[in-house]
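Structural overview for review
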Amino acid sequence: MRADHGGGGNGGTNGTEAELSDSLKTFGAVLKALREESGLTQEEFAVRVRYSAAYVAKIEQGKRFPPADLPGRAEEVLGPVAVKVLTAAAKSLTRRAGLASWFRQWAGIEEEAISLYAYECRAVPGLLQPEGYARAVFERNLPPLSQEQIERQVCARLERQELLTSRPNTAFSFVIEQGILERCVGGTTVAIEVIDYLLLVGQRHNVEIQVMPLRQEEHCGVEGQMYLAETPTHQWIGYTEGQRSSNLITAPNDLSVLLQRYGKLRAQALDCRATVSLLEQMRGAL
């Protein structure tokens, strides 16, 4: 399964995915029952375990993979017996997780991040894809998707983009290769829609969008795309994605490498003002 970031992510419809989905729903139901037994609303529980109410709701609905530290955070709230139950349920999830779990974990990390960085050399980042572009990406998926699958994937991608408005205190930074925009996936109309959307989103005070020019001799992004998130406890987590694989990165030495590279990429890309100028020039040429 490929995760839902740039050009990929067919959502996964195989047996492993279905099994994991059922397990997530079971875990969510267990968490909900334990929370209600303690007489807490989702909002009250969320405050005590230091997660957002929306995030807790999605875990209980089986839409998000629970973070590893959830049982520990819940111990003072739900009690030691309840935590043992949650821990056992979490271990069951881990045994079934595999590749399909990685994006669920990353999606939860995204929702709680106080800083979110992305470098893309394959496609417009999922958080910045207007509907026309997202639809064009999924319509070109191989093996082909059914119309129902396409609609489901487009809706999921657009739903994730609510982060840009629902997390005003999160610092978003995107470095995008100019070649991605020059490719004009979906045709001229979609290309214009993408540029207009980037110009619009880039006006938000917490969003920085930079384009890496086609010619840049001092380029340190040759090893591919990367995503980085800073958690509310100021820990960094990385995420990378391949053809049909994805990887969550937590080792401090690896994160140090990614952070160094991302910092250099920001310095090598056009600054935000120059990026706006280039985007306006590209739009005028279409």
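What you see is a predicted model; the values in this text were computed from it and never measured.

1. Structural notes on the overall build of the protein chain
Check the secondary structure of the protein chain and you find 13 helices and six strands. Burial status across the protein chain gives 49% buried among its 286 residues. Look at the contacts in the protein chain between residues 6 or more apart in sequence, and 77% of them connect residues 24 or more apart. Carbon and sulfur atoms make up 52% of the accessible area of the protein chain, which totals about 13,800 Å².

2. Here we look at the pairing of strand 5 (residues 236-241)
Sheet topology places strand 4 (residues 226-230) next to strand 5; four bridges connect them, and they run antiparallel. Within the sheet, the bridge partner assigned to Y227 lies in strand 5 and is Y239. As consecutive antiparallel partners, strand 4 and strand 5 are separated by five residues, and within that stretch H234 has a phi angle of approximately 65°, a positive value. Looking at chain direction, strand 5 and strand 6 (residues 246-249) are connected through four bridges and run antiparallel. By the bridge assignment for strand 6, E241 is matched with S246. What sits between the antiparallel neighbours strand 5 and strand 6 is a turn of four residues.

3. Structural notes on the packing of aromatic side chains
Inspection of every chain in the model, using the stated rule, returns six aromatic pairs. Ring centres 5.3 Å apart and planes at 40° place the aromatic pair Y117 and W236 in the tilted group. On the criterion of sequence distance, the pair formed by Y117 in strand 1 (residues 115-120) and W236 in strand 5 is long-range, its members being 119 residues apart. Overall, W236 belongs to the partly exposed group, its relative accessible area being 22%. On the basis of an interplanar angle of 0° and a centroid distance of 6.4 Å, the ring pair of F172 and F174 is categorised as stacked. As far as the burial class goes, F172 and F174 line up, both buried. One aromatic cluster is present, formed by W106, Y227 and Y239 through successive ring pairs. The positively charged end of R73 is found above the aromatic ring belonging to Y51, 4.2 Å away from the centroid.

4. Describing the environment of L127
Following the sequence through the fold, L127 ends up in the loop between strand 1 and helix 7 (131-139). Sequence spacing of L127 and E159 is 32 residues, and the spatial spacing of their C-alpha atoms is 9.3 Å.

5. A short note on the confidence of the model for the protein chain
Confidence in the prediction for the protein chain averages 87 pLDDT; 88% of positions are at 70 or higher. Taken together, the stretch residues 1-19 has pLDDT below 50 and engages in 72 contacts with residues farther than four places along the chain or on a different chain. Scored below 50 in pLDDT, residues 95-100 makes 12 contacts in the model with residues more than four places away or belonging to other chains.

Conventions and cut-offs
Residues numbered from 1 in each chain as written. Predicted model: local features only at pLDDT ≥ 70, side-chain atom pairs only at ≥ 80, totals over all residues. Heavy atoms only, no water. Helix = DSSP H or I, 4+ residues; strand = E, 2+ residues; numbered from the N terminus. Buried < 20%, exposed > 50% of the residue type's maximum accessible area, 1.4 Å probe, protein only. Contact = heavy atoms within 4.5 Å. Areas by Shrake-Rupley, 256 points an atom, 1.4 Å probe, with all protein chains shown as cover. Pairing = 2+ DSSP bridges. Phe/Tyr/Trp six-rings, centres within 6.5 Å; stacked < 30°, edge-to-face > 60°. Lys NZ or Arg CZ within 6 Å of the ring centre and 35° of its normal. pLDDT = per-residue confidence, 0-100.

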